[in-house]
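So you can see what is in the structure, the chains are spelled out below.
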Amino acid sequence: MKQGNTKISIRDYQFFYGEKQALFDINLDIRANEILSVLGPANSGITTLLRSLNRLCDLIPKVRMQGDILVDGESIYAPHVVVTELRRRLGMVFDVPSPLPMTIFDNIAFGPRLHGKKNRQRLADTVEQSLRMAALWEDVKDRLHMPAMSLSGGQQQRLCIARVLALQPEVILLDRPCSGLDPISTSKIEDSLQLLKKRFTIVIAPHNVQQATRISDSAAFMLMGRLIEVGVGDDLFANPRDKRTSDYITGRYG
Amino acid sequence: MMRKFREKLPGRIFFLLALSSISVLALITVFIVVQGAPIIARVGVIDFVFGMSWAPSQGEYGIFPMIVGSLSVTLGAVVLGVPIGICCSIFLAEFAPVRLRNLFRPAIQLLAGIPSVVYGLWGLIFIVPFIRNYMGGPGLSILAGSVVLAIMILPTVISISEVSILALPPAYKEGALALGMTHWQAIRSVQLPAAKSGIVAAVILGIGRAIGETMAVIMLLGNAVALPSSILDPIRTLTTNIGIEMGYATGEHREALFATGIVLFVVIMILNSTAQTIVKRKKDQ
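All figures in this text were calculated on a predicted structure; none of them were measured in a lab.

### Side note on the packing of helix α3 (residues 64-95) of chain B against helix α8 (residues 183-194) of chain B
Residues and elements named next belong to chain B.
Here is step 1: Contact pair α3 / α8: the axes reach a minimum separation of 12 Å and the direction vectors enclose 115°. Where α3 crosses over α8, the handedness of that crossing is right-handed. The segment α3 lies against α8, with Ile90, Glu94 and Phe95 engaging His183, Ile187, Gln191 and Leu192.
Here is step 2: Across the contact of α3 with α8, the residue classes tally to 4 nonpolar, 2 polar and 1 charged.

### Quick word on the interface of chain B and chain A
Here is step 1: On the chain A side, the residues contacting the 15 residues of chain B number 20 residues.
Here is step 2: Of the roughly 1500 Å² buried at the junction of chain B and chain A (both faces included), carbon and sulfur atoms supply 72%.
Here is step 3: By the criterion of area lost to chain A, the three top residues of chain B are B:Tyr172, B:Ala178 and B:Leu179, representing 38% of everything that side buries.
Here is step 4: Taken together, chain B and chain A are joined by 1 salt bridge.

### Observations regarding helix α6 (residues 142-166) of chain B
Residues and elements named next belong to chain B.
Here is step 1: End to end, α6 covers 35 Å across 25 residues, agreeing with the expected 36 Å (1.5 Å per residue, within 8%).
Here is step 2: The largest bend along α6 measures about 40° and falls at Ile153, with the proline Pro155 one to four residues further on.
Here is step 3: Within α6, 19 of the 25 residues are buried, leaving the element largely enclosed by the surrounding structure.

### Quick notes on the confidence of the model for chain B
Here is step 1: When pLDDT is averaged across chain B, the result is 90; 98% of the residues are at 70 or more.
Here is step 2: For this predicted complex, the interface confidence score (ipTM) comes to 0.81, while the overall pTM stands at 0.80.

### Quick look at the packing of aromatic side chains
Here is step 1: Counted according to the given criterion, the structure contains 9 aromatic pairs over all chains.
Here is step 2: Measuring from ring centre to ring centre gives 5.6 Å for B:Phe50 and B:Phe64, while their planes differ by 40°; the resulting arrangement is tilted. Of this pair, B:Phe50 sits in helix α2 (residues 45-50) while B:Phe64 sits in helix α3, and the two are 14 residues apart along the sequence.
Here is step 3: On the accessibility criterion, B:Phe64 (24% relative accessible area) is partly exposed.
Here is step 4: Between the aromatic rings of B:Phe91 and B:Phe104, the centroid separation amounts to 5.8 Å while the plane-to-plane angle is 55°, which identifies the pairing as tilted. Linking B:Phe91 in helix α3 with B:Phe104 in helix α4 (residues 98-113), this pair joins segments that are 13 residues apart in sequence.
Here is step 5: Judged by relative accessible area, B:Phe91 falls into the partly exposed class, the value being 28%.
Here is step 6: Above the plane of the ring of A:Phe16 lies A:Arg64, whose end atom (NZ or CZ) is 4.1 Å from the centre.
Here is step 7: Positioned over the ring face of A:Phe24 is A:Arg226, at 4.1 Å from the centre of the ring.

### What to know about the nonpolar core
A general trend in soluble globular proteins is that nonpolar side chains are found buried together.
All names here are of chain A.
Here is step 1: If you look at the biggest cluster of nonpolar residues, it comprises 79 residues, and the most contacted ones within it are Ile8, Ile10 and Ile26.
Here is step 2: Sequence-distant contacts of Ile26, defined by excluding residues within four places in its chain, comprise Ile10, Arg11, Asp12, Tyr13, Leu49, Met222, Gly225, Arg226 and Leu227.
Here is step 3: In terms of nonpolar packing, the next biggest core, distinct from the first, is built from 35 residues, Val140, Ile161, Ile172 and Ile204 among them.

Criteria and thresholds
- Residues numbered from 1 in each chain as written.
- Chains lettered and ligands numbered in written order.
- Predicted model: local features only at pLDDT ≥ 70, side-chain atom pairs only at ≥ 80, totals over all residues.
- Heavy atoms only, no water.
- Axes fitted to C-alpha atoms, helices over the stretch in contact; angles between N-to-C directions.
- Helix = DSSP H or I, 4+ residues; strand = E, 2+ residues; numbered from the N terminus.
- Left-handed = near helix turned anticlockwise from the far one by under 90°.
- Contact = heavy atoms within 4.5 Å.
- Nonpolar A, V, L, I, M, F, W, Y, C, P; charged D, E, K, R; others polar.
- Buried area = accessible area lost by both parts, 1.4 Å probe.
- Salt bridge = Lys/Arg side-chain N within 4 Å of Asp/Glu carboxyl O.
- Expected span 1.5 Å × (residues − 1).
- Bend = angle between axes of the 7 residues up to and from the residue.
- Buried < 20%, exposed > 50% of the residue type's maximum accessible area, 1.4 Å probe, protein only.
- pLDDT = per-residue confidence, 0-100.
- Phe/Tyr/Trp six-rings, centres within 6.5 Å; stacked < 30°, edge-to-face > 60°.
- Lys NZ or Arg CZ within 6 Å of the ring centre and 35° of its normal.
- Core = buried A, V, L, I, M, F, W, Y, C linked by side-chain atoms within 4.5 Å.

Dropping the structure here:
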């Protein structure tokens, strides 16, 4: 898959929590092997959008959606789509590091085991590769069998990234993954994202505009559930077309 | 000066109130020990605890059958009640639609509010004849007591397990689902292990309730002082021994009943501390 192909295509997508509409007429194409930043102030619907992509939003009672989301040209709402398989293909990292209450090794081996990988040596290889890609291997290679909770916040978050990588996903969704982390952990995660985009498509809700300018290949700006503007490269930051976008990126609100 | 005093006053008052509840515990302990210890000393700890014959009129005070009784009835209640209780709590916390949950919760709390004598009565009319007619024996039996106790510990087990599942950070469940787990896989392999300490606490409290219950089991166990050979045999527990005989006991006999209380106390403390060490060890892993 070379850069430029459309990986995810969001078509006239609307999302409702009960009576309250959270997303309005979203139309967005996400290209393969790039980092797309989706930014905007709190309550803009960014989390809802990310969670729509892997259908994690389905679980909340009384939600309703219209429009369509296509991954590789196929609707994620098509009847033959297996939701658990979809969530494996579109891995997700949350704003709060959420290691499972088990060892570091088991946290990462968990997903592959679940999807049928049982061979010990292969599992160990997967764990090592995933940890290397997430830039965590050097930190933890001597204590793989310690509880994951004993790691620092930044390490826990990289563990969560490694956990997603172990599932060999196609897309990685990151919802403000650095919001609780110190600058050094943040830069480590940003560095590994640059490596990861060679193999994966990355959609990230950055925790501020600076982070977005550092990491993204293209950027989208959302406000109150509407997609205001999308720009390729630094376009959005250099020449914002919409006044609301420029107000946001120059720090007037948000 | 005045302000300083005012600042400290609430703390002092709360301390006094807290102290009063602790001191009641101390008073009860001292009272039972003072009343019961002499006879244990006279009979001998080994003969008292492991003695097989309970005949106060002949001066024989062995309570081993009752210890076996208490433990077996409690074990039966746990074996029957805990799996049902935990499954019920999983259902309420994870599967039940809101309306059903709002119906179930108060109903289960109501279960906790029924007086134990009513449970005993119900068991006597339904469970005991059922066992006598379909399974044999006198009906008044370990099984009858276990079934009713299992129902009595349900509210404790259900509500505490449910709370401990609901108290988990939502990140566990979301993380598990985002990895491509099904709902049930997430419950089984992430949420239940994470809620384990709360669920163990629920079981401990359930055991405490079961082993201390008196009224219902007096009516259901048949109260014979003998080692049982099957779960269909009648039996007497430590609590029922006290409950039945205290009304007319005098002198040494009375002391022996207090001593029974001491043993009950010790048994409960051993059970509690074992359970707590298990929880701690699991946490340290």
